[in-house]
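# Topology and contacts: notes
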Amino acid sequence: FVDPEVLALVRSKVELVRAAPADARRHGSLSLVYSANDLWSVAQGEFAIAAELEPRNALWRYHRAIALREAGDVEAARALLAGAAAELPNVAGVQQRLGSWALELGDHATAEAALQRALASMPEQPDVLVGLANVRIAREDWAGALEYAQRALKKEPGFKPARYASGLALRGLGRGAEAESELTAGVG
């Protein structure tokens, strides 16, 4: 079921695309509407058209990677994201997503490198710091993980992912009582 307002918005965006089929931005705009409404398969198709029409704009490939992953094509999404991230080394959000995906897949070196690039663009950003803490946790570098988690908590004291990462690091360091408190505060 698609909400009638969403359907009306899609129709208006489709009309704009039909009026100017060679306009990458119109295809991209339609794709964003599809994405916002979890219509990932059609979104990735429109992002592919936008990328073909405007091949120098790596953001179309980046957005297509997200849509592909959400549609279930993880391998194609990862390859496309890696290419887009190489073209966009100073775009923190792209680097952060690459780092997060790499960490999920156990590629700690890629994850850390991408997250460090994100941190360089957005110093002391809590999400990025937690990502780096999680890389250190995966490597069982408990002291390094705690340092990143504490930096995130200094910036945003109630940030649950940072509290949870802090708890995992403390547990790894053998500081059980402190760990339990942080883990409990970081749940959810």
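These numbers come from a predicted model, not from an experiment. (Residues numbered from 1 in each chain as written. Predicted model: local features only at pLDDT ≥ 70, side-chain atom pairs only at ≥ 80, totals over all residues. Heavy atoms only, no water.)

## Details of the pattern of salt bridges
Definition in use: Put simply, a salt bridge is a Lys or Arg side-chain nitrogen that is within 4 Å of an Asp or Glu carboxyl oxygen. In this text, helices come from DSSP runs of H or I with a minimum length of four residues, and strands from runs of E with a minimum of two, each type numbered from the N-terminal end. Each residue is placed in one exposure class: buried if its accessible area under a 1.4 Å probe, protein chains only, is under 20% of its type's maximum, exposed if it is over 50%, and partly exposed if it falls in between.
Under the criterion given, the structure shown has 11 salt bridges. The partner of Glu182 in a salt bridge is Arg163, with the nearest N and O atoms 2.9 Å apart. Residue Glu182 is located in helix H11 (residues 176–186), and its partner Arg163 is located in helix H10 (residues 160–172); the two are separated by 19 residues in the primary sequence. One salt bridge in this structure joins Arg175 and Glu178, with 2.8 Å as the shortest N-O distance. Residue classification places Arg175 among the partly exposed residues on the basis of a relative accessible area of 34%. Of the residues examined, Glu178 reaches a relative accessible area of 40% and is grouped as partly exposed. Counted as one network, the salt bridges with shared partners bring together Glu112, Arg136, Arg139 and Asp141.

## Some words on the environment of Ala65
Convention followed: By definition, residues are in contact when any of their heavy atoms lie within 4.5 Å.
With respect to the helices and strands, the residue Ala65 is situated in helix H4 (residues 58–71). Residues Ala65 and Arg11, spaced 54 residues apart in sequence, show a C-alpha to C-alpha distance of 24 Å. Not counting the four nearest positions on each side in its chain, Ala65 is found in contact with Ala77, Leu80, Leu81 and Trp101.

## A look at the environment of Gly106
Tracing the chain through its elements places Gly106 in the loop between helix H6 (92–104) and helix H7 (108–121). Spatially, the C-alpha atoms of Gly106 and Arg139 are 9.9 Å apart, while their sequence positions differ by 33 residues.

## Section: the packing of helix H5 (residues 74–87) against H6
Selection criterion: A fitted line through C-alpha atoms represents every axis, and for helices the fit uses only the stretch in contact; the resulting angles, taken between N-to-C directions, go from 0 to 180 degrees. What makes a crossing left-handed is the near helix being turned counterclockwise from the far one by less than a right angle; a clockwise turn instead makes it right-handed. Lys, Arg, Asp and Glu make up the charged group, whereas Ala, Val, Leu, Ile, Met, Phe, Trp, Tyr, Cys and Pro make up the nonpolar group; the residues left over, Gly among them, are polar.
Contact geometry for H5 and H6: axes closest at 10 Å, N-to-C directions at 140 degrees. The two elements H5 and H6 meet at a crossing, and its hand is left-handed. Here H5 contributes Ala77, Arg78, Leu81, Ala82, Ala84 and Ala85 to the contact with H6, which in turn contributes Val94, Gln95, Arg97, Leu98 and Trp101. Here the residues of the contact of H5 with H6 are counted per class, giving eight nonpolar, one polar and two charged.

## Re the nonpolar core
Selection rule: Working definition of a nonpolar core: buried Ala, Val, Leu, Ile, Met, Phe, Trp, Tyr and Cys residues. They are joined through side-chain atoms within 4.5 Å.
Judged by nonpolar contacts, the single largest core of 30 residues is most densely connected at Val10 and Leu81. Elements with a minimum of two residues in this core: helix H1 (4–19), helix H2 (24–36), helix H3 (40–53), H4, H5 and H6. The element best represented in this core is H4, accounting for seven residues. In this structure, Leu129, Leu132, Val135 and Ile137 belong to the second largest nonpolar core, which totals 25 residues.

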